[in-house]
Amino acid sequence: MPERLAEMILDLWTPLIILWITLPPCIFMAPMNHSQVLMSGSPLELNRLSEEQRILNRSKRGWVWNQMFVLEEFSGPEPILVGRLHTDLDPGSKKIKYILSGDGAGTIFQINDITGDIHAIKRLDREEKAEYTLTAQAVDWETSKPLEPPSEFIIKVQDINDNAPEFLNGPYHATVPEMSILGTSVTNVTATDADDPVYGNSAKLVYSILEGQPYFSIEPETAIIKTALPNMDREAKEEYLVVIQAKDMGGHSGGLSGTTTLTVTLTDVNDNPPKFAQSLYHFSVPEDVVLGTAIGRVKANDQDIGENAQSSYDIIDGDGTALFEITSDAQAQDGIIRLRKPLDFETKKSYTLKVEAANVHIDPRFSSRGPFKDTATVKIVVEDADEPPVFSSPTYLLEVHENAALNSVIGQVTARDPDITSSPIRFSIDRHTDLERQFNINADDGKITLATPLDRELSMWHNITIIATEIRNHSQISRVPVAIKVLDVNDNAPEFASEYEAFLCENGKPGQVIQTVSAMDKDDPKNGHYFLYSLLPEMVNNPNFTIKKNEDNSLSILAKHNGFNRQKQEVYLLPIVISDSGNPPLSSTSTLTIRVCGCSNDGVVQSCNVEAYVLPIGLSMGALIAILACIILLLVIVVLFVTLRRHKNEPLIIKDDEDVRENIIRYDDEGGGEEDTEAFDIATLQNPDGINGFLPRKDIKPDLQFMPRLQKRVARRNITRCCLKRKTAESNGFNELRGQDHKSK
């Protein structure tokens, strides 16, 4: 019996529930003038107004409405009824017509012009358009005249939960340092819901993690992702994929959801020390390896990356710390062992080093994990090699006097073979460094001898290169520079430092310094130069001049008296003997020329020539030069004048006698005698250009003249005829003269 009762109640309420869901809500508004609009989702609600209410409302004559509602995404077989328009002016006689205009009128919303029912004929989406503004008006059915002023109302689209949350910026990527503490913030994400956030819980989102636990957690409302485990190790796992869900309706059942992914990468920190791959390394190196050559590499591995894995290498102990060094390769993160000093197999055949690798960047947070460094042992074995000879000194300095005898020994170089076999050595001179072959060397003992004389004044230093070659292996050679200094000997006599010429004023005073001279010596004594000056023995009692030695190693020449006259003697020659302080001392005689000159009262030399006395009194040398310049200028003017006159008198017209043109043509025809000479003008032959009265000028460039072909031909014919007649006449005249001469004989 109870089961049957439950079935009856369910059958009774099911149609009512379906009807309530499918019909829109009804909202009543305040009354307005002349009319009333009823908005309802069912015909039953439209008939609830009593007749009394209609009478009362008719006196107010107003619309009672301003907005309607309709659910979005409704898709039924028939258009959905949104509401009904009605005015109290409508007596039911169907004489009133309802008109609808505005947003979507006729396309989305349709009105029954008789009943005023408004239907939605299309499926609506609140996310595309949330409300529509329309205008309603009641007009006369027949005349279409407005019965009431138009009134505006709004149809709002009611939201339903038809949009799932979306992560517009996904997928996401984030980083967090490894070994982070619990609850370290990683990042936050944001989802959006297109539903109405005001109406219901359609846009209320709740976040959760679907994948990525137990490593990470998320705040349900703020979507902040945090670490859920402490001390996550990058070396164990570097990347994590987290799936995040956003669900609307507050996370309740029936809500829509959206997901996105978050890739979390653990960044490296220096939490691992370096570790050598092996504890002992073995290397071998030839003894003749070049300094700086890489002998071997050692590497300490570090599980960290980047700068956290950088290590510096050092040699901290061993018997080869002075011979080897280790450098760090930043790219390969290994240590390179290089040679610092030469090796000698005969001296030491192996070395042991202790190297250390230590992190450069240490994080103090992880210092408790132990020292961030490691050590390893390196054994280096030296291999024997055929080495070149070794000189007893890297350079040699030899000294020799410039007067040394030829073939004298000036020095010696020595070399040895460092190998155990100890090959004999042969010495030679690199002749590219001794092009003049001034030196020789003994091939067996390395003694250097002099081959040509030396002169310190020409070259004080000589730099040569000595070559040492193993006799058993000629490819093993060594070179050493030898500097030879030429020592000075006193082999040059002193002389005047320059060519001196002294001037003595006629009005000079006794004891006046005429000239100061100095001497020079090509030699270079150790204590410097010191010169002795003297006059020749036969001129010690010179009546005119005397000498005086100065402290600066120079010499002053002084006049003994005054009254020198250049007319009596214009030039004096004073020989001076100069001696040096060498051992033995050398000397030379230099002659000083002293000229007697005329000077002004203040001692300025004016003239040193005897001819100056023959010049007129009061006429200086400058005046004579000016007069001579004027004479030369006048001569130039006269020459120019004559040249211009000659050029002006030259005729501009070419004379007849200047035109030398003669054509000698021999003809055997006889001429007509004197009659032919009157047939033409002989001047035409001499000057053909004057036919038309044109005479060429020398100072004018002739213009091109073109004559008709006929005139040219006639002129040529006449000229030829004239020439023939002339030649004939001359021939006849010559024959007559010969005949007369013959008769006379």
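Worth saying up front: this structure is predicted, and the values here are computed from it rather than measured. (Residues numbered from 1 in each chain as written. Predicted model: local features only at pLDDT ≥ 70, side-chain atom pairs only at ≥ 80, totals over all residues. Heavy atoms only, no water.)

The subject of this paragraph is the overall build of the protein. Scanning the protein for helices and strands turns up seven helices and 40 strands. Across the 745 residues in the protein, those meeting the buried criterion constitute 33%. Restricting to contacts in the protein with at least 6 residues of sequence separation, those with at least 24 account for 68%. Counting only carbon and sulfur atoms, one obtains 54% of the accessible surface of the protein, whose full area is about 46500 Å². (Helix = DSSP H or I, 4+ residues; strand = E, 2+ residues; numbered from the N terminus. Buried < 20%, exposed > 50% of the residue type's maximum accessible area, 1.4 Å probe, protein only. Contact = heavy atoms within 4.5 Å. Areas by Shrake-Rupley, 256 points an atom, 1.4 Å probe, with all protein chains shown as cover.)

Attention now goes to the state of the cysteines. For the coordinates displayed, the defined rule picks out two disulfides. With a sulfur-sulfur separation of 2.1 Å, Cys505 is cross-linked through a disulfide to Cys599. Its S-S torsion of approximately -85 degrees makes the covalent link between Cys505 and Cys599 left-handed. Highlighted residues: Cys505 in strand β33 (residues 501-505) and Cys599 in strand β39 (residues 587-599), separated in sequence by 94 residues. Comparing Cys505 with Cys599 shows no difference in burial state: the two are buried. In the protein, the bonded cysteines, numbered by position in the sequence, are linked as 1-3, 2-4. (Disulfide = S-S within 2.5 Å.)

Attention now moves to the sheet that holds strand β9 (residues 185-188). Whether parallel or antiparallel, the strands of a sheet pair through hydrogen bonds between backbone atoms. A sheet is described by the order of its strands in space; here three strands give the open sequence β9-β12-β11, paired in antiparallel fashion. The sheet is open, and its two edges are formed by β9 and β11 (216-218), each paired on a single side. Each neighbouring strand pair of the sheet contributes to a mean axis angle of 25 degrees, computed without reference to strand direction. Bridge count between β9 and strand β12 (residues 224-227): three bridges; the pairing is antiparallel. (Pairing = 2+ DSSP bridges. Axes fitted to C-alpha atoms, helices over the stretch in contact; angles between N-to-C directions.)

Before going further, it helps to spend a moment on a nonpolar patch on the surface. On the surface, Leu628, Ile632, Val636 and Leu640 cluster together to form a nonpolar patch covering roughly 370 Å² of accessible area. By the element assignment, Ile632 lies in helix α4 (residues 621-649). Of the residues examined, Ile632 reaches a relative accessible area of 47% and is grouped as partly exposed. (Patch = residues over 30% accessible without salt bridge, like charges linked within 9 Å, V, L, I, M, F, W, Y side chains within 5 Å. Salt bridge = Lys/Arg side-chain N within 4 Å of Asp/Glu carboxyl O.)

Next up on the list: unusual backbone geometry. Backbone torsion omega between Gly170 and Pro171 reads -5 degrees, so that peptide bond is classified as cis. Inspection of the secondary structure assignment puts Pro171 in the loop between β7 (151-158) and β8 (172-177). With omega at 5 degrees, the peptide bond leading from Gln213 into Pro214 counts as cis. Tracing the backbone shows Pro214 in the loop between β10 (206-211) and β11. Of note, Met249 is a non-glycine position whose phi angle comes to about 60 degrees, a positive value. Summarising the element assignment, Met249 is placed in the loop between β13 (239-247) and β14 (257-267). With phi around 50 degrees, Arg437 is a residue other than glycine that occupies positive phi space. Secondary-structure assignment places Arg437 in the loop between β27 (425-429) and β28 (439-441).

Across the sheet, which stays open at both edges, the four strands sit in the order β8-β14-β13-β10 with mixed pairing between neighbours. The sheet is open, and its two edges are formed by β8 and β10, each paired on a single side. The sheet shows a mean angle of 35 degrees between the axes of neighbouring strands, direction not considered. Two elements, β8 and β14, share six bridges in a ladder whose sense is parallel.

Its location among the elements puts Ser600 in the loop between β39 and β40 (605-607). By relative accessible area, Ser600 is classed as buried at 15%. Note: C-alpha distance between Ser600 and Cys505 (95 residues apart in sequence) is 8.7 Å.

Tracing the backbone shows Ser180 in the loop between β8 and β9. Looking at Ser180, its side chain comes within polar contact range of the main-chain oxygen of Pro177, at 2.4 Å. (Polar contact = N/O pair within 3.5 Å; in protein donor to acceptor, adjacent residues only side chain to side chain.)

Attention now goes to the packing of aromatic side chains. Counted by the stated rule, this structure contains 13 aromatic pairs. Ring centres of Phe216 and Tyr240 lie 5.7 Å apart, and the angle between their planes is 75 degrees; this geometry places the pair in the edge-to-face category. With Phe216 in strand β11 and Tyr240 in strand β13, this pair connects stretches of sequence that are 24 residues apart. For the residue pair Phe216 and Tyr240, the accessibility class agrees, reading buried in each case. Residues Phe545 and Tyr572 carry aromatic rings whose centres are separated by 5.5 Å and whose planes lie at 75 degrees to one another, so their mutual orientation is edge-to-face. Placement of Phe545 in strand β36 (residues 545-549) and of Tyr572 in strand β38 (residues 571-579) is noted, with a sequence separation of 27 residues between them. For the pair shown, Phe545 and Tyr572 are each scored as buried. (Phe/Tyr/Trp six-rings, centres within 6.5 Å; stacked < 30°, edge-to-face > 60°.)

Core analysis: the largest hydrophobic core is formed by 24 residues, its most contacted members being Phe276, Val298, Phe324 and Val378. Elements with a minimum of two residues in this core: β16 (280-286), β17 (294-301), β19 (324-329), β20 (334-339), β21 (350-359) and β22 (373-383). Val298 has contacts with Phe276, Tyr281, Phe283, Tyr313, Ile326, Asp334, Gly335, Ile337, Val355 and Val378, leaving out every residue within four places of it along the chain. Membership of the second largest hydrophobic core comes to 23 residues, among which are Val517, Leu535, Met539 and Ile578. (Core = buried A, V, L, I, M, F, W, Y, C linked by side-chain atoms within 4.5 Å.)

Turning our eyes to something else, we now look at the pattern of salt bridges. All chains considered together, the criterion is met by 17 salt bridges. Residue Asp374 is joined to Lys275 by a salt bridge in which the shortest nitrogen-to-oxygen separation is 4.0 Å. A residue pair is termed long-range when its members are at least 10 positions apart, and Asp374 in strand β22 and Lys275 in strand β15 (residues 275-276) qualify at 99 residues. Looking at Lys275, the relative accessible area reads 54%, which means it is exposed. Residues Arg566 and Glu506 are paired through a salt bridge, measuring 3.5 Å at the closest nitrogen-oxygen approach. Of the two residues, Arg566 is situated in the loop between β37 (554-559) and β38 and Glu506 in the loop between β33 and β34 (513-520); the sequence distance between them amounts to 60 residues. By relative accessible area, which is 18% here, Glu506 ends up buried.

A separate point is the pairing of β7. Sheet faces and side chains relate simply in a regular strand, where the side chains alternate between the two faces. Where strand β1 (residues 67-71) and β7 come together, five bridges link them in parallel fashion. Bridging across to β7, Met68 finds its partner in Ile155. Summarising the sheet, strand β6 (residues 131-140) and β7 pair through six bridges and their orientation is antiparallel. Considered in β7, the bridge of Glu131 is made with Lys156.

Turning next to the confidence of the model for the protein. Put simply, the protein has an average pLDDT of 78, and 76% of its residues get 70 or more. Overall, residues 1-64 carries pLDDT values under 50, and its contacts beyond four positions in sequence, including any with other chains, amount to 95 contacts. Counting interchain partners and residues more than four positions distant, the pLDDT-below-50 stretch residues 734-745 has zero contacts. (pLDDT = per-residue confidence, 0-100.)

All right, on to the pairing of β16 then. Here β16 shows one buried face, formed by Tyr281, Phe283 and Val285, and one open face, formed by Leu280, His282, Ser284 and Pro286. Relative to β22, β16 runs parallel, the two sharing seven bridges. Following the sheet pairing, Val285 is matched in β22 by Val382.

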